[in-house]
Amino acid sequence: MRQARALVQMADFGGALKLLSMGLSKCPSNSSSLLQKEHGRVSSLQQQHDRCRALLDEKEFATAKAGLGNLLRDTTAPLVLLEAAEADLGMGLVDSARRLCLQASRRSNTQDPKSLLVQGQCNILSCGEKEDSQFLDSGVSLFKHVM
């Protein structure tokens, strides 16, 4: 059960479900109610994540952000944080997207290309009427790094 919960914290819902299913198959049916509850919870989280990912692909950013906000109550996985940042960016909330990227970077051991991409988009969108060359250059260099 602990390993499944750790996988949920890494947004590996499929892996957590697989472990819980293995546990359910090895436990007697009368003693597996806790495992069944956890399996149902993780299954719900996976469905919610899949729905949010589809909403992001469809550019339904506000609805996706609401669903991702619910997911963030159960997991602070960098992937979920970056998807929430992507939703914020789609709604024009550049500062919020930047903060979420920073949180994701702090929780991850490596620099995720998706994080660099969202940060680069934030930098490009931060250019005001003056087109601050520092933000633009930073955004372009982050895009080049990802590509």
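Look up: the structure comes first, before these words.
The following paragraphs examine the structure supplied in this document. (Residues numbered from 1 in each chain as written. Predicted model: local features only at pLDDT ≥ 70, side-chain atom pairs only at ≥ 80, totals over all residues. Heavy atoms only, no water.)

## Notes on the pattern of salt bridges
Counted according to the given criterion, the structure contains seven salt bridges. Glu38 is paired through a salt bridge with Arg5; the nearest N and O atoms lie 3.5 Å apart. In this pair, Glu38 is assigned in helix α3 (residues 33-57) and Arg5 in helix α1 (residues 2-9), connecting sequence segments 33 residues apart. Here Arg5 falls in the partly exposed class, since its relative accessible area comes to 43%. Among the ionic pairs, Glu38 bridges to Arg41, the shortest N-O distance being 2.9 Å. (Salt bridge = Lys/Arg side-chain N within 4 Å of Asp/Glu carboxyl O. Helix = DSSP H or I, 4+ residues; strand = E, 2+ residues; numbered from the N terminus. Buried < 20%, exposed > 50% of the residue type's maximum accessible area, 1.4 Å probe, protein only.)

## Brief notes about the packing of α1 against helix α2 (residues 13-26)
Remark: α1 packs on α2, axes separated minimally by 8 Å, with the N-to-C direction vectors making an angle of 170 degrees. Relative to α2, the element α1 is oriented roughly antiparallel. Crossing of α1 against α2: the hand is left-handed. Of the residues in α2, those in contact with Gln3, Ala4, Leu7 and Val8 of α1 are Phe13, Gly15, Ala16, Leu19 and Leu20. Class assignment for the residues of the contact of α1 with α2 results in seven nonpolar, two polar and no charged. (Axes fitted to C-alpha atoms, helices over the stretch in contact; angles between N-to-C directions. Parallel < 35°, antiparallel > 145°, perpendicular 65-115°, else oblique. Left-handed = near helix turned anticlockwise from the far one by under 90°. Contact = heavy atoms within 4.5 Å. Nonpolar A, V, L, I, M, F, W, Y, C, P; charged D, E, K, R; others polar.)

## Things to note about the side chain of His49
Among the secondary structure elements, His49 is positioned in helix α3. Exposure remark for His49: the relative accessible area of 10% places this residue in the buried category. Once residues lying within four places of it in the same chain are set aside, the contact partners of His49 are Phe13, Leu71, Leu79, Val80 and Glu83.

## Digging into the environment of Met1
Within the fold, Met1 resides in the segment before α1. The class of Met1 is partly exposed, set by a relative accessible area of 33%. Linking Met1 and His39, residues 38 residues apart in sequence, is a C-alpha distance of 9.7 Å. Apart from the residues within four sequence positions on either side, Met1 is in contact with Leu20, Leu34, Leu35 and Glu38.

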